[in-house]
Amino acid sequence: MNKIEKQITESIDQFADDILDFTCRLVAKPSTLGYEAAAMAVMEAELKKLSFDPTRIHIDPVKLSKHPGFAPVPWSYEGRYNVAAKREASAEGGRSVIFNGHLDVVSAEPLGLWGTDPFNPVERDGWLYGRGAGDMKSGVAAMTYAVHAVEKAGFGFMAPVTIEAVIEEECGGNGALACVAAGHDAEAVLIPEPMSHAILTAQLGVLWFKVSLSGVPRHVQEAQAGVNAIEKCIPLIGALRTLEAEMNQNVHPVYEDIEHPINLNVGIIKGGDWPSTVPAAAEFHCRLSFFPGATYEQACGRIIDTIAAATRQDPWLAENQPQVEFYGFRSEGHVADRDQPAFNTLNDCHREMYGQDAEDSISTATTDVRAYHHYTSAQATCYGPEAENIHAANERVKIESVIQTAKVYALFLARWCGLVDK
């Protein structure tokens, strides 16, 4: 690193407490689906405090539904929005960047599994505990203060720099997609997902679906005269497990070293309304992944065909067809070329901090990178801190890794965007 780069990265240390405090204030807001506004308010206030001019990007499902990446969902967007702030270039000659992070989190239930209140962040032994601490509010704090630290060191940028905080990364990606539809684009997009400082080069496609079916209610004393809708779910789930096994047999070359990359998750099941009544209705909701190269429509077709084949084996289901509905995630996978300028610059910055190249992250999940990879011209990837137990009890992030992420991002700003004295 040259003198200016050292000055910039070392300046991050003076903001370490601010980064941790900002993370804690974000974690303290339980920003689950539909309740993101409080966290967004914290984000807006922080950006204003740091001399940004944040704007709200609302999600209009009618307009956004015309976009090929839109994920139809059954919930409302009233009063819900993303926050973005753009720092215009102070000179010419650099390359633009978007830092994007999501503030929505998954449920912390069951709370009894946590050692502490998931929305009362606790620092212990170098780790910060709390729902969203790793996934990914600490990353949002790191990216925000990376930009601020460079500016406080006395520099402007030679290309536009945009900070985005979005919703719905955990359920379909319409938040990031709304930013794309609003015209947000850049030559690079960095997302601080907690990947332990690896660079994302591949991720799977992901979809959600619901299977609904009916039965015949009866008093339990004549249960044999009824049809138990809950029990009729069992052969359908079994058939989907067979599909999962089949999909893991024909492995995409990038995923050959990963055991069981394709995962079906039966995440919700509902049925019945009384212990002594044969349930007349049931439904289950699933998440299924699929390899890059397969389309969303092809993956849906395999699910539909699998359910149809299973129903033919059951006289009741054959006559009373289950309904399959797709909602939320409809994200196709991709493999990115590691040898492209933004990735190389990011890797060079990582090497400066760690003395070695960053590893590749081959993800068996999906991220908001999908919106930028498929629908913009950006070179988009994820790079973020070390976290454990995301989507589980006692989620935590390694504090030192958050500060290191901010340093790598600050150095990336210097080398990618270019700096100019204010």
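Residues numbered from 1 in each chain as written. Predicted model: local features only at pLDDT ≥ 70, side-chain atom pairs only at ≥ 80, totals over all residues. Heavy atoms only, no water.

J.: Even after reading the chapter, I still don't get the packing of aromatic side chains, so can you show me in this structure?
T.: Two numbers describe a pair of aromatic rings. These are the distance of the centres and the angle of the planes. Taken as a whole, this structure holds ten aromatic pairs when the rule is applied. Aromatic pair Tyr-383 and Tyr-409: ring centres 6.3 Å apart, planes at 40°, arrangement tilted. Residue Tyr-383 is located in the loop between strand 16 (379-382) and strand 17 (387-388), and its partner Tyr-409 is located in helix 12 (residues 399-417); the two are separated by 26 residues in the primary sequence. Here Tyr-383 falls in the buried class, since its relative accessible area comes to 0%. Among the aromatic residues, those joined into a cluster by ring pairs are Phe-15, Phe-22 and Tyr-145. Just above the ring of Trp-416 sits the side chain of Arg-95; from NZ or CZ to the centre is 3.8 Å. Between the NZ or CZ atom of Arg-396 and the centre of the ring of Trp-127, over which it lies, the distance is 3.8 Å. (Phe/Tyr/Trp six-rings, centres within 6.5 Å; stacked < 30°, edge-to-face > 60°. Helix = DSSP H or I, 4+ residues; strand = E, 2+ residues; numbered from the N terminus. Buried < 20%, exposed > 50% of the residue type's maximum accessible area, 1.4 Å probe, protein only. Lys NZ or Arg CZ within 6 Å of the ring centre and 35° of its normal.)

J.: I'm lost on the sheet that holds strand 18 (residues 396-398) in this one. Help?
T.: Note on sheets: strands pair through backbone hydrogen bonds, and any given pair is parallel or antiparallel. Taken together, the four strands give an open sheet; going across it, the order is 4-5-18-17, and neighbouring strands pair in antiparallel fashion. Each edge of the sheet is formed by a strand with only one pairing partner; in this case those strands are strand 4 (122-124) and strand 17. Of the strand pairs in this sheet, strand 4 and strand 5 (residues 127-129) are connected by three bridges, and their pairing is antiparallel. Note on strand 5: the bridge partner recorded for Glu-123 is Leu-128. Along the sheet, helix 5 (residues 133-152) contacts strand 5, strand 17 and strand 18; its crossing angle with strand 18, the most-contacted strand, is approximately 45°. (Pairing = 2+ DSSP bridges. Contact = heavy atoms within 4.5 Å. Axes fitted to C-alpha atoms, helices over the stretch in contact; angles between N-to-C directions.)

J.: Help me out: how do you make sense of helix 1 (residues 3-11) in this one?
T.: A turn of α-helix holds 3.6 residues, and therefore any two residues three or four places apart point the same way. Among the residues of helix 1, Glu-5, Ile-8, Thr-9 and Ser-11 are the ones counted as buried. Across the axial projection of helix 1, the buried residues extend over an arc of 160°, all falling on one side. In helix 1, those exposed residues whose orientation departs by more than 90 degrees from the buried face are Lys-3 and Glu-10. Buried residues along helix 1 sit against helix 5, strand 6 (155-157), helix 10 (341-354), helix 12 and strand 19 (419-421). N-capping of helix 1 is provided by Asn-2, with a side-chain oxygen placed 3.1 Å from the backbone N of Ile-4. (Arc of directions from axis to C-beta. Polar contact = N/O pair within 3.5 Å; in protein donor to acceptor, adjacent residues only side chain to side chain.)

J.: What is the right way to read the environment of Met-43 from this model?
T.: Within the secondary structure layout, Met-43 lies in helix 3 (residues 37-49). Spatially, the C-alpha atom of Met-43 lies 9.0 Å from that of Leu-103, the residues being 60 residues apart in sequence.

J.: How should the sheet that holds strand 7 (residues 161-166) be read in this particular structure?
T.: The six strands are arranged 1-2-7-3-8-16 in an open sheet whose pairing can be described as mixed. In the strand order of this sheet, the two ends are held by strand 1 (55-58) and strand 16, each with one partner. On average, adjacent strands in this sheet sit at an angle of 20° to one another, irrespective of strand direction. Two strands pair when backbone bridges link them, and strand 2 (residues 81-87) and strand 7 are joined in this way by five bridges, in the antiparallel orientation. Note on strand 7: the bridge partner recorded for Ala-85 is Ile-163. Sheet contacts for helix 5: strand 2, strand 3 (97-102), strand 7 and strand 8 (188-191); angle to strand 3, the most-contacted strand, approximately 150°. Strands strand 1, strand 2, strand 3 and strand 7 of the sheet are contacted by helix 6 (residues 174-181), whose axis makes an angle of about 145° with strand 7.

J.: How should I be thinking about the pattern of salt bridges in this particular structure?
T.: A side chain of one charge can pair with a side chain of the opposite charge if their charged atoms are brought near each other. Scanning the model with the defined rule gives 20 salt bridges in all. Arg-56 serves as the salt-bridge partner of Glu-44, at 2.8 Å between the closest nitrogen and oxygen. Within this pair, whereas Glu-44 is found in helix 3, its partner Arg-56 is found in strand 1, the two being separated by twelve residues in sequence. Judged by its relative accessible area of 10%, Glu-44 falls in the buried class. Here Arg-370 makes a salt bridge to Asp-368, at a shortest N to O gap of 3.2 Å. Under the relative-accessibility criterion, Arg-370 is labelled buried at 5%. The exposure class assigned to Asp-368 is buried, which follows from its relative accessible area of 1%. Taken together, the shared-partner salt bridges connect Asp-21, Arg-25, Glu-46 and Lys-49 into one network. (Salt bridge = Lys/Arg side-chain N within 4 Å of Asp/Glu carboxyl O.)

J.: How should I be thinking about the side chain of Arg-80 in this particular structure?
T.: Here Arg-80 lies in the loop between helix 4 (61-64) and strand 2. A relative accessible area of 6% places Arg-80 in the buried class. For Arg-80, the side chain forms a polar contact with the main-chain oxygen of Ser-76, separated by 2.9 Å. When sequence neighbours within four positions are dropped, the list of residues in contact with Arg-80 reads Leu-33, Gly-34, Glu-36, His-58, Ile-59, Trp-75, Ile-167 and Glu-168.

J.: What is the right way to read unusual backbone geometry from this model?
T.: A negative phi angle is the norm for most residues apart from glycine, just as the trans form is the norm for most peptide bonds. Cis geometry marks the peptide bond from Glu-109 to Pro-110, where omega comes out at -5°. Locating Pro-110 in the fold gives a position in the loop between strand 3 and strand 4. A cis amide bond links Asp-135 to the next residue, Met-136, at an omega of -5°. Here Met-136 lies in helix 5. The phi torsion at His-197 lies on the positive side, around 65°, for a residue other than glycine.

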